[in-house]
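Commentary on secondary and tertiary structure
Here's the letter readout for the chains.
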Amino acid sequence: MKALKLDRNAIGQWLSNMAGERDIYAPASDGPAKGTWTLLTDYSMPEIKPGVPARPVKNFLFPQPETLLKFSIVPTDPDCCLPSEPEENGRKNVVFGVRPCDARSIGLNALACKADTYYQANMDKNAIIGLTCSQVCSTCFCSETGGSPMGTEGCDVSLTEIDGRYIARAMTERGEELLALAESFGKEVTDSDFSAVEALEERARSGSDEIRNPEEQLRKKDLMELYNAPFWQELADRCINCGACTFLCPTCYCFDIQDETLHGKGRRIRCQDSCMFPLFTLHASGHNPRGQKIQRVRNRFMHKMKYFPDRFGPISCVGCGRCVRDCPVNIDIREVMRSLLNFHDMGSVTP
Amino acid sequence: MSSIKNPYRPYPARLDNIKVETEDGNLKTFRIVLEDKADREAWKHTAGQFAMLSLAGKGEIPIGIASSPTEEGHLLFTVNRAGVVTTALHNMNEGDRIGVRGPLGNGFPVDTELKGKNIVIIAGGFAFTTLRATLIYMLEHRQDYGKITVIYGARTPGMLLYRDELEKWQARDDVDIHVTIDREAPGWDGLVGFVPTIAGQVAPSPDNAAALICGPPIMIKFTMPPLEEIGWTDDQVYLSLENRMKCGIGICGHCSVGPVYVCHDGPVFTRSQVQKLPIEY
């Protein structure tokens, strides 16, 4: 696969070349839009701070909201109430500066979204240019979830900073095409550059994480024993069901579908939803299968750590740490993961 | 859009006939015809599956298909008026346009596990809909099944669904039908008593048999002990679960019960499968 060495000016030139065909988004590191993914208008290397931006990259895969269908509701209209797909403007995106954890989430969500044509189309629409992490934040734990600060999974091109320059490696065919736009001015990657990248990868591998491959251990555990574990109540007591974790989480992919109408036109939209909310499961009859807070708190963690791995293999968490950072009552998913890993049913043992 | 079919786009359809089923007017059966010939020809469902009924501007609701695959040309849905979309549907007229997305879910294993078995259908209230589809399918393929027993109960005679058909089935000698109401009512000379009591009296043999049970959770709960007493086991009992649904294709998370999606892995599960799941339905 193609690789180039780019300095900051060359990155600017490359962004400018890509902008001919694609809109380029990068995380804003300052100003009122700080932490969100904003459209670049000035093609220079954006300032990207260590760690993850506030908003996950899933917003490109599940736009907020996303129009699934549109329709007329004017009764005299021959096409009344006949839903059709919205027109696309055909414009594609480059999402620039995506951290390895976020990039990895795209493929994990895709495991659940195989039949979802809109998700597939959005994967098609958004090229991902990753940026590996030279610094690990206190809330980061990607390597405990199967990822790595040097991870490239989900990236079309992966950038690694070495001494103020970036080693850009194409990881997919689409990445090759994008990187070709920097070929005329990019520098050749030398053997010593490659060894520097390898050294960083080696350092990432030899980290002192106490958890490795949690999915294997979690898949072996009995589902109902974990479900009935005593620690859920303590978590539920603290949780205020605000749903912040689900909206910030790159691997929370649950959604709601609603119809909106205005002036005779309507659209069916989907937006992110949260299993933290009682309405998520409420039946029209009034019956609610997850009416209690403990059921909802438990469902979110069990989905990530047990239901998802049982169904698809990996855990549905990439260790970005946003929920750890922003939970208003300091619930720490790393502690929950440890509780699940260390839990042995003591139900049959009498003291 | 990619080359696979958009799973969120409903087939255009028309409300062909609307029939009020029950004395309280809360249940209506909607006969629906898909507008496009190609859609009608491609449509293929199994008894026990459901579909999303789609009302532009109101939303979608998952409803069990009450017609048997052998009833060609139209689909039947018996709908209880309960929420926003079902109320809007109840207010619609014959000839109005609607959307249908489906068929969805797994359905009863009528052509596999249930073949060659004695079948016991137990239904309470308006949960009889997909079991009507199942019963009609089985009667059309009568030689594929052993003895067929139906136990069906409603609160009052006026709350029974498909009364004309019940009478026709009662006149047949190749199916054993027990229709019951909760309390004595004027003009009713049939069985009186709750479904679990009648199930205990009928005492269907568990030998080479399968039971398909749909009804309110309380009915299912009390129907199991009399069956277990005469030797029925959980893997012989098929249940159809329902939960709030949005996508209908096992993604959006609303109907999840532990690791399974009622819409995609169900709605039909054996009782032994359900026993291994959290009680979140």
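Just so it is clear, the structure is predicted and the values come from calculations on it, not from any experiment. (Residues numbered from 1 in each chain as written. Chains lettered and ligands numbered in written order. Predicted model: local features only at pLDDT ≥ 70, side-chain atom pairs only at ≥ 80, totals over all residues. Heavy atoms only, no water.)

1. Some points on the overall build of chain B
- Helix and strand counts for chain B stand at 8 helices and 15 strands.
- Its C-alpha atoms give chain B principal-axis dimensions of roughly 55 × 45 × 35 Å.
- For chain B, the residues scored as buried account for 58% of the 281 residues in total.
- Partitioning the intrachain contacts of chain B with sequence separation of at least 6 by distance along the chain shows that 68% fall at a separation of at least 24. (Helix = DSSP H or I, 4+ residues; strand = E, 2+ residues; numbered from the N terminus. Buried < 20%, exposed > 50% of the residue type's maximum accessible area, 1.4 Å probe, protein only. Contact = heavy atoms within 4.5 Å.)

2. Some thoughts on the sheet that holds strand β7 (residues 157–162) of chain A
Residue and element names in this part refer to chain A.
- On the basis of which strands lie adjacent, the open sheet formed by 7 strands has the order β1-β8-β7-β6-β5-β2-β3 and mixed pairing. Of all the strands in the sheet, the pair left with one neighbour each is β1 (3–6) and β3 (37–39). Put simply, the sheet's adjacent strands are angled 25 degrees from each other on average, direction ignored.
- Across 5 bridges, the pairing between strand β5 (residues 92–98) and strand β6 (residues 126–131) is parallel. Pairing of V94 across the sheet is with A127, part of β6.
- On the sheet, helix α6 (residues 191–205) packs against β1, β7 and β8 (165–170) and is oriented at approximately 95 degrees with respect to β7. (Pairing = 2+ DSSP bridges. Axes fitted to C-alpha atoms, helices over the stretch in contact; angles between N-to-C directions.)

3. Let's talk about the domain arrangement of chain B
Residue and element names in this part refer to chain B.
- Parsing chain B into structural domains produces domain 1 (11–104) and domain 2 (118–240).
- For domain 1 versus domain 2, the separation of C-alpha centres amounts to 24 Å.
- Contact with domain 1, which involves 20 residues of that partner, is made by 16 residues of domain 2.
- Taking both partners together, domain 1 and domain 2 bury about 1,400 Å²; carbon and sulfur atoms supply 64% of that area.
- On the surface where domain 1 and domain 2 come into contact, there are 1 salt bridge.
- Taken together, the elements giving at least two residues each to the side of domain 1 that touches domain 2 come down to β2 (27–34) and β5 (75–80).
- Take the side of domain 1 that touches domain 2: its biggest share by element is 3 residues, from β5.
- Looking at the side of domain 1 that touches domain 2 residue by residue, the classes come out as 6 nonpolar, 10 polar and 4 charged. (Domains from an automatic or database assignment. Buried area = accessible area lost by both parts, 1.4 Å probe. Salt bridge = Lys/Arg side-chain N within 4 Å of Asp/Glu carboxyl O. Nonpolar A, V, L, I, M, F, W, Y, C, P; charged D, E, K, R; others polar.)

4. Re the domain arrangement of chain A
All names here are of chain A.
- Segmenting chain A into domains produces domain 1 (3–66 + 89–205) and domain 2 (214–342).
- Each of domain 1 and domain 2 was reduced to a C-alpha centroid, and the two centroids are 27 Å apart.
- Taken together, the two surfaces of domain 1 and domain 2 that pack against each other cover about 2,800 Å², and 56% of this comes from carbon and sulfur.
- Summed over the three residues of domain 1 that lose the most area to domain 2, namely K58, T139 and F141, the buried surface amounts to 22% of that side.

5. Here's the deal with the side chain of R300(A)
Residue and element names in this part refer to chain A.
- Topologically, R300 is positioned in helix α11 (residues 293–312).
- The charged side chain of R300 is buried without a salt bridge, its nearest counter-charge being D332 at 10 Å.
- A distance of 3.5 Å separates the side chain of R300 from the backbone oxygen of C245, its partner in a polar contact.
- For R300, the residues in contact, after removing those within four places along its chain, are C245, T246, C249, C252, C275 and M276. (Lys, Arg positive; Asp, Glu negative; His and termini not counted. Polar contact = N/O pair within 3.5 Å; in protein donor to acceptor, adjacent residues only side chain to side chain.)

6. Details of the interface of chain A and chain B
- Between chain A and chain B, the contact holds 48 residues from the first and 44 residues from the second.
- K246(B) is paired through a salt bridge with D256(A); the nearest N and O atoms lie 3.1 Å apart.
- One can count 25 residue pairs in polar contact (both at pLDDT 80 or more) joining chain A with chain B.
- Contributions of two or more residues to the side of chain A that touches chain B are made by β4 (66–72), α4 (117–125), α8 (223–227), β9 (255–262), β10 (265–272) and α11 of chain A.

7. Examining the packing of aromatic side chains
- This structure, assessed with the given rule, holds 16 aromatic pairs over all chains.
- Ring centres 5.8 Å apart and planes at 55 degrees place the aromatic pair Y118(A) and Y8(B) in the tilted group. Separated into two different chains, Y118(A) in helix α4 and Y8(B) in the segment before β1 (11–20) make up a pair that spans both.
- Y118(A) sits in the buried class, given a relative accessible area of 3%.
- With a centroid separation of 6.4 Å and 70 degrees between ring planes, the pair formed by F255(A) and Y8(B) is classed as edge-to-face. With F255(A) in strand β9 and Y8(B) in the segment before β1, this residue pair bridges two chains. For the pair F255(A) and Y8(B), one class covers both residues: buried.
- Three or more aromatic residues link up through ring pairs in this structure, and these residues are F62(A), Y118(A), Y119(A), F255(A) and Y8(B).
- Lying over the aromatic face of F255(A), R270(A) brings its terminal NZ or CZ to 4.5 Å of the ring centre. (Phe/Tyr/Trp six-rings, centres within 6.5 Å; stacked < 30°, edge-to-face > 60°. Lys NZ or Arg CZ within 6 Å of the ring centre and 35° of its normal.)

8. Here's the deal with the pattern of salt bridges
Residue and element names in this part refer to chain A.
- Per the counting criterion, the structure on display carries 35 salt bridges over all chains.
- Between R104 and E153 there is a salt bridge; the shortest N-O distance is 3.5 Å. Of the two residues, R104 sits in helix α3 (residues 100–112) while E153 sits in the loop between β6 and β7, which places them 49 residues apart along the sequence.
- Of the residues examined, R104 reaches a relative accessible area of 9% and is grouped as buried.
- Note on E153: relative accessible area 47%, which makes it partly exposed.
- The residue R338 makes a salt bridge to E144 at a minimum N-O spacing of 3.3 Å. Of this pair, R338 sits in helix α13 (residues 333–342) while E144 sits in the loop between β6 and β7, and the two are 194 residues apart along the sequence.
- Relative accessible area serves as the criterion here: at 23%, R338 is assigned to the partly exposed category.
- For E144, a relative accessible area of 7% gives the class buried.

9. A short note on α6(A)
All names here are of chain A.
- When the terminal C-alpha atoms of α6 are compared, their 21 Å separation across 15 residues agrees well with the 21 Å that a helix rising 1.5 Å per residue should span.
- All of the buried residues in α6 are D193, V197 and A204. All buried residues of α6 lie within an arc of 40 degrees about the axis, which places them on one face of the element. Facing away from the buried side of α6, by more than 90 degrees, are the exposed residues D191, S192, R203 and R205.
- Buried-residue contacts for α6 involve β1, β7 and β8. (Expected span 1.5 Å × (residues − 1). Arc of directions from axis to C-beta.)

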